[in-house]
Amino acid sequence: FFQAEDGIRDSSVTGVQTCALPILEGLLFLLRWFHIYFGVIWIGTLYYFNFMQGAFMKEAAAPAKPEVLGKLLPRAMWWFRWGAFWTMGTGIVLILITRVQLGSFNNSWGVTIGTGALMGILMGLNVWFVIWPAQKIVIANAQQTAAGGAALAGAPEAAARALLASRTNCLLSVPMLFFMAASRHLTLPVTETSNFVVYWIVVLLVLAGIEANALKGKLGPMESIKGVITAGFVLTLVFVVLTSVIL
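Keep in mind the model is a prediction, meaning the values are calculated, not measured.

### Quick notes on the overall build of the protein chain
- When its secondary structure is counted, the protein chain shows seven helices and zero strands.
- In sequence order, the secondary structure elements of the protein chain are arranged as α-α-α-α-α-α-α.
- If one aligns the C-alpha atoms of the protein chain with their principal axes, the spans along those axes are about 75 × 50 × 25 Å.
- For the protein chain, the residues scored as buried account for 41% of the 247 residues in total.
- Considering only contacts in the protein chain between residues 6 or more positions apart, those separated by 24 or more positions represent 78%.
- Put simply, the protein chain shows about 13,700 Å² of open surface, and 70% of that area lies on carbon and sulfur atoms.

### Points about the confidence of the model for the protein chain
- Overall, the prediction assigns the protein chain a mean pLDDT of 91, with 91% of residues at 70 or greater.
- Across residues 1-18 the pLDDT falls below 50, and counting only partners more than four positions away or on other chains, this stretch makes 22 contacts in the model.

### A word on the packing of helix H4 (residues 108-146) against helix H6 (residues 196-216)
- Relative orientation of the contacting elements H4 and H6 amounts to 20°, with a least axis distance of 11 Å. One element, H4, and the other, H6, form an angle in the roughly parallel class. For H4 against H6, the interelement crossing comes out right-handed. Taken together, the residues of H6 that come into contact with H4 (itself represented by Gly110, Val111, Gly114, Thr115, Leu118, Met119, Leu122, Asn126 and Val130) are Phe196, Tyr199, Trp200, Val203, Leu204, Leu207, Glu211 and Leu215.

### Focus on the pattern of salt bridges
- For the coordinates displayed, the defined rule picks out one salt bridge.
- Lys71 is paired through a salt bridge with Glu67; the nearest N and O atoms lie 3.2 Å apart. Residue Lys71 and its partner Glu67 are located together in helix H3 (residues 64-102), separated by four residues, close to a single helical turn.
- Overall, Lys71 belongs to the partly exposed group, its relative accessible area being 46%.

### Details of the packing of aromatic side chains
- Applying the stated criterion across every chain yields a total of 16 aromatic pairs.
- Aromatic side chains Trp82 and Phe85 sit 5.2 Å apart centroid to centroid with 70° between the ring planes, which places their arrangement in the edge-to-face category. Of this pair, Trp82 and Phe85 both sit in helix H3, separated by three residues, roughly a single helical turn.
- Each ring, one from Tyr199 and one from Trp200, has its centre 5.0 Å from the other, and the planes form 70°; the classification is edge-to-face.
- Judged by relative accessible area, Trp200 falls into the partly exposed class, the value being 22%.
- One aromatic cluster is present, built from ring pairs that chain together Trp33, Phe34, Tyr37, Phe38, Trp82, Phe85, Trp86 and Trp128.

### A look at helix H5 (residues 155-185)
- Taking 1.5 Å of rise per residue, 31 residues should cover 45 Å, and H5 covers 44 Å from first to last C-alpha, within 8% of that figure.
- Along H5, the sharpest change in direction is near 30° and occurs at Ser173; proline Pro175 comes one to four residues later.

### A look at the nonpolar core
- Core analysis: the largest hydrophobic core is formed by 45 residues, its most contacted members being Phe80, Leu172, Tyr199, Leu207 and Phe239.
- Counting residues per element, the ones that place at least two in this core are helix H2 (23-59), H3, H4, H5, H6 and helix H7 (225-246).
- Among the elements that take part in this core, H4 stands out by supplying eleven residues, more than any other.
- Excluding residues that lie within four positions of it along the chain, Phe80 makes contacts with Trp42, Thr45, Leu46, Phe49, Val127 and Ile131.

### With respect to the packing of H2 against H4
- Relative orientation of the contacting elements H2 and H4 amounts to 65°, with a least axis distance of 13 Å. Crossing of H2 against H4: the hand is left-handed. On H4, the residues touching Trp42, Ile43 and Leu46 of H2 are Gly120, Met123, Gly124 and Val127.
- Residue composition of the contact of H2 with H4, grouped by class: five nonpolar, two polar and no charged.

### Focus on a nonpolar patch on the surface
- A contiguous nonpolar surface patch, about 670 Å² in accessible area, is contributed by Ile23, Leu27, Phe29, Leu30, Trp33 and Phe34.
- Position of Leu30 among the secondary structure elements: in helix H2.

What counts and what doesn't
Per-chain numbering applies: the sequence of each chain, read as written, is numbered from 1 onward. Predicted model: local features are reported for residues with pLDDT of at least 70 only, side-chain atom pairs are reported and counted for 80 or more only, and whole-chain, interface and lining totals are derived from all residues. The side-chain figures draw on all heavy atoms in the structure; neither hydrogens nor water molecules are used. Secondary structure elements follow DSSP: runs of H or I no shorter than four residues count as helices, runs of E no shorter than two count as strands, and numbering proceeds from the N terminus. Throughout, exposure labels follow a simple rule: accessible area from a 1.4 Å probe, protein chains only, divided by the maximum for the residue type, with under 20% read as buried, over 50% as exposed, and the rest as partly exposed. A contact between two residues is defined here by any heavy atoms of the two lying within 4.5 Å. Exposure was quantified through the Shrake-Rupley algorithm and a 1.4 Å probe, taking into account, for residues, occlusion by the shown protein chains and nothing else. As a per-residue measure, pLDDT tells how confident the predictor is, with possible values from 0 to 100. In this description, a line fitted to the C-alpha atoms serves as the axis of each element, helices being fitted only across the stretch in contact, and the angle between N-to-C directions of two axes falls anywhere from 0 to 180 degrees. Orientation is classified from the angle alone, with under 35 degrees giving roughly parallel, over 145 giving roughly antiparallel, 65 to 115 giving roughly perpendicular, and any other angle giving oblique. Two helices crossing with the near one rotated counterclockwise from the far one by less than a right angle form a left-handed crossing, whereas a clockwise rotation gives a right-handed crossing. For this document, the term salt bridge refers to a Lys or Arg side-chain nitrogen within 4 Å of an Asp or Glu carboxyl oxygen. Note on aromatic pairs: the rings of Phe, Tyr and Trp (six-membered ring only in Trp) are paired at centre separations within 6.5 Å, and the planes decide the class, stacked below 30 degrees, edge-to-face beyond 60, tilted for the rest. Multiplying 1.5 Å by the residue count of a helix minus one yields the expected span of that helix. Note on bend: the value at a residue is the angle between axes fitted to the seven residues ending there and to the seven starting there. Nine residue types can take part in a nonpolar core, namely buried Ala, Val, Leu, Ile, Met, Phe, Trp, Tyr and Cys, and a core is a set of them joined through side-chain atoms within 4.5 Å. Polarity classes work like this: nonpolar for Ala, Val, Leu, Ile, Met, Phe, Trp, Tyr, Cys and Pro, charged for Asp, Glu, Lys and Arg, and polar for all others, with Gly in that last group. Like charges are joined within 9 Å and nonpolar side chains (Val, Leu, Ile, Met, Phe, Trp, Tyr) within 5 Å, but only among residues with over 30% relative accessible area and no salt bridge; these make up the patches.

And the structure:
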């Protein structure tokens, strides 16, 4: 049999076209496709919240805000949190299968996908355990006040907590996307003797510091859209330098 470049056997030789794509590779492709699909929903909604809805709410007339918070926000949060859930789920399965195929994380793929995955998992945990619980209070407050009830105690604090965690996710999304793409399209000059342990310790310490600020810190430069985008690219550069210096 002669196989064409597109993976379909040449019908002029065999008389029949049959797919030459292995079943495992087909399943991996479907997983990757779903991973990208859910990732677009998740990160797209994250950017909508931070770059569009937030700016709109600062300028919106008072009567419009309860409509956004009480009706639009619950729908957007549903797509947001479940997009995060399925992005993480498909991504973890993909990593585990590829790890079995390659036999090790001590390579360029392991460094890039591992770095991106740690950021993605941290972002997903922020969605489910920080942003969503806080936004439930914000939504309930908007719905209750729109119905003529009293404002809920703690609603302003919950909104601030959700904003800080959401901005942190925006910050992390830039290097996360860089390293996810790098896992397939950028090869790092690493060997089996590279300082992998030191690298992962430093990465975990940096991410722990960022998350500590997300939980108890301040917005700082992330308060503005320009600031969080700039900080995201600076953080990406920091991690690239870490791979060059340590590994």
